[in-house]
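Given next are the chains, with one letter for each unit.
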Amino acid sequence: FRRPDPDPQLDELVVLEDGTVDPRLVVLHEPHCYQAEQYRAFRTNLRAMNPGDAPRTLMFTSSDPDEGKSTTVANVALSLAEFEDVRVCLLDLDLRAPRVHELFGLARGPGLSDILLDRQHPRRALQQGGAPNLSVITAGRPTDKPNEVLGSEYVQELIAFLKRDYNYIIVDTPPCSLFADASQLSTVMDGVILVVALHDTLRHQADEALASLDAAGANVVGTFVTGAHTASNDE
């Protein structure tokens, strides 16, 4: 993707309206709650592995649906964007069951599929994600060939383009035990995070997910466990 000549329209972000953000984005709604602090602790670990906040792509996946993956991705991105000197882009590559646009109350498109299928410039798909330093690229219009879209060489071009402007590109992908998308994408990511539901994910499911990622050559840098709570917090 080549940078075009200056065009005011390319620098405009879609403004997020108050009240449309999903309440599960606790970093925004309940910044001092237990869950929000857990996301910040995880953020601290990520930054410790990345001295100087060099441009990095971090992909999040899970073994199965409903393990809190998309909510985790969104909150981690928000927590990273709390730093004034850190620019974050949240990219929804889950073309099968995209959730990022719903969580932030954004339009589904133009988004990733529009960029890759129609060769639209990425800047036209950027939307504001509820924090000054957070941009979002949603999944875009539905497609019946997600494998072909995600397997395109343009995905690597898009990632390289985003790395010019952002310290972190946080990526949401489908569950790796159900679809090959995550394993396929993991090879072009700097790191992979496996989201595990404390009370729902079985040990063998997590092991199988890690095995599939390892077979693909993914750089699994950690896990994020959802569903933990304190005695005073039942969420």
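1. Overview of the sheet that holds strand β2 (residues 88-92)
- Read from one edge to the other, the open sheet built from seven strands follows the order β3-β4-β2-β5-β1-β6-β7, with strand pairing classed as mixed. Two strands in the sheet have a free side with no partner beyond their single neighbour: β3 (127-128) and β7 (220-226).
- The pairing of β3 with strand β4 (residues 134-137) spans two bridges and is antiparallel. Following the sheet pairing, Gln128 is matched in β4 by Ser135.
- The strands touched by helix α2 (residues 34-48) are β1 (56-62), β5 (168-172), β6 (191-197) and β7; relative to β7, the strand with the most contacts, the crossing angle is about 175°.
- Here helix α3 (residues 69-80) sits on the sheet in contact with β1, β2, β4, β5, β6 and β7, set at roughly 170° to β5.

2. Quick notes on the side chain of His101
- Relative to the helices and strands, His101 is located in helix α4 (residues 100-104).
- Since its relative accessible area comes to 11%, His101 is described here as buried.
- Beyond its immediate sequence surroundings of up to four residues, His101 is in contact with Leu106, Ala107, Arg108 and Thr138.

3. Observations concerning the confidence of the model for the protein
- Chain-level statistics for the protein give a pLDDT mean of 81 and a share of 86% at 70 or above.
- Every residue in residues 1-19 scores below 50 in pLDDT, and together they form 38 contacts with partners more than four places removed in sequence or on other chains.
- Predicted confidence for residues 230-235 stays below pLDDT 50, and this span has eight contacts to residues more than four positions away or in other chains.

What counts and how
Numbering of residues starts from 1 in each chain and follows the order in which that chain's sequence is written. Thresholds applied to this predicted model are a pLDDT of at least 70 for local features of residues and 80 or more for the giving and counting of side-chain atom pairs; totals over whole chains, interfaces and linings are not thresholded and use all residues. As a rule here, side-chain values come from all non-hydrogen atoms in the structure, and water together with hydrogens is ignored. Between any two strands, at least two bridges found by DSSP are needed for them to pair. Every helix listed is a DSSP run of H or I at least four residues long, and every strand listed is a run of E at least two residues long, numbered separately from the N terminus. Residue contacts are counted whenever heavy atoms from the two residues lie within 4.5 Å of one another. To obtain an axis, a line is fitted to C-alpha atoms, over the contacting stretch when the element is a helix, and the angle between two such axes runs from 0 to 180 degrees between their N-to-C directions. Any residue under 20% of the maximum accessible area for its type is buried, any over 50% is exposed, and the rest in between are partly exposed; the area is computed with a 1.4 Å probe on protein chains only. A score from 0 to 100, pLDDT tells how confident the predictor is in each residue.

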